[in-house]
Amino acid sequence: MVGYDPEAKCVSTAEAAAAGSVSGLVTRVLVSPLDVIKIRFQLQIEQLSSRNPGAKYHGILQAAQRIFQEEGLVAFWKGHVPAQFLSVGYGAVQFMAFESLTKLVHNVTSYNARDSFVHFVCGGLAACTATVAVQPVDTLRTRFAAQGEPKVYCNLRHAVVTMYQTEGPRTFYRGLTPTIIAIFPYAGLQFSFYNILQQFSEWVVPAEGKKGGNIKNLVCGSCAGIISKTLTYPFDLFKKRLQVGGFEHARAAFGQVRIYRGLLDCIRQIMREEGPGGFFKGLSPSLLKAAVSTGLVFFWYELFCSLLCALKSTDSTTRKEG
């Protein structure tokens, strides 16, 4: 169902956008706590270890417990409003662009639209398009998730106005360079590995045993998310560090802060002060989040597309009978 299939012409581009939006919305609600913990880990300068007395966070369970004690249960959904705008907008643009690009490949080239390489290229391009469209919302989401108590930003409107007046319009696109560099292979690998795993599952599971299709989509999506996230993770960390530039005063309660002059300076400082391990801070919750979110996104997308196809089929049957 993911990607253009000339033999199953039942989902239009607009319907793909709608299915992508809903899948992003539902998934975001479920994975927000992991996202908040991941961002806190990524922004911490100190080593993520209980042996480091200066480290505020040093493990997923410890971080969850501390955030809950200091900031309450709602802290796990900090930045949820901009995050939902991000998920809904990103999901709509990504899947709409992906379906359109794979259809274009099928119509104007000799390549098979179901080929894994085509899914890699089209998935990467679709993600880049979606990233540029929603980057300002992603920056807002990171700022909200990163701030502690007392809050610097009271609400979304206050954050937008304050950031624009004090830092200028370019601040909404901070971290765009590492995001674009990372998102193409990350999303490309997601779509291509999902396609490969789907084909593998069809080869392993006989035709008569394909009743658990939704579970298969969830498992294939989760595996694709883990593989792609591991291979491209450092760029996600660079993006988060750059997005909180100019926001250092709100990070004082969490430990040391750093000011980066750009992507290369960020890489140099992390390597010098935190070592190679610094590039993978927050990897554990990130992989957990990637497995859950990617699996759920593909699961919900396939499910909603199947429902749309079923509704169309029922409506068509009703019209014929009438």
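Residues numbered from 1 in each chain as written. Predicted model: local features only at pLDDT ≥ 70, side-chain atom pairs only at ≥ 80, totals over all residues. Heavy atoms only, no water.

Where an unreviewed UniProt entry is consulted, the chain appears under the name Mitochondrial thiamine pyrophosphate carrier, with the organism given as Sula dactylatra. We quote the UniProt Catalytic activity (unreviewed entry) comment for the chain here in full: "thiamine phosphate(out) + thiamine diphosphate(in) = thiamine phosphate(in) + thiamine diphosphate(out)". Turning to the chain, the UniProt record has this under Function (unreviewed entry): "Mitochondrial transporter mediating uptake of thiamine diphosphate into mitochondria. It is not clear if the antiporter activity is affected by the membrane potential or by the proton electrochemical gradient." (UniProt positions renumbered as here; feature names shortened; annotations may be inferred.)

What follows covers the environment of Phe238. Tracing the sequence through the fold places Phe238 in helix H7 (residues 213-243). The class for Phe238 is buried, based on a relative accessible area of 4%. Put simply, Phe238 and Cys266 are 28 residues apart on the chain and 6.8 Å apart in space, counted from C-alpha to C-alpha. Excluding its chain neighbours within four sequence positions, the residues that come into contact with Phe238 are Pro178, Leu263, Cys266, Ile267, Ile270 and Phe279. (Helix = DSSP H or I, 4+ residues; strand = E, 2+ residues; numbered from the N terminus. Buried < 20%, exposed > 50% of the residue type's maximum accessible area, 1.4 Å probe, protein only. Contact = heavy atoms within 4.5 Å.)

As a further point, take the side chain of Ser192. Looking at the secondary structure, you find Ser192 in helix H6 (residues 176-204). Apart from residues lying up to four places away in sequence, Ser192 is in contact with Ser116, His119 and Phe120.

The next point concerns the nonpolar core. In this structure, Val2, Phe98, Phe191, Tyr194, Phe298 and Tyr301 are the most contacted members of the largest nonpolar core, which totals 17 residues. Elements supplying a minimum of two residues to this core: helix H1 (13-43), helix H3 (80-108), helix H4 (116-146), H6, H7 and helix H9 (283-321). With four residues, H3 is the largest single contributor of residues to this core. In this view, Phe191 contacts Val2, Gln94, Phe95, Phe98, His119, Gly123 and Phe298; residues no more than four positions away in its chain are not counted. If you look at the next biggest cluster of nonpolar residues, it comprises 13 residues, including Ile37, Phe41, Ala63 and Phe76. (Core = buried A, V, L, I, M, F, W, Y, C linked by side-chain atoms within 4.5 Å.)

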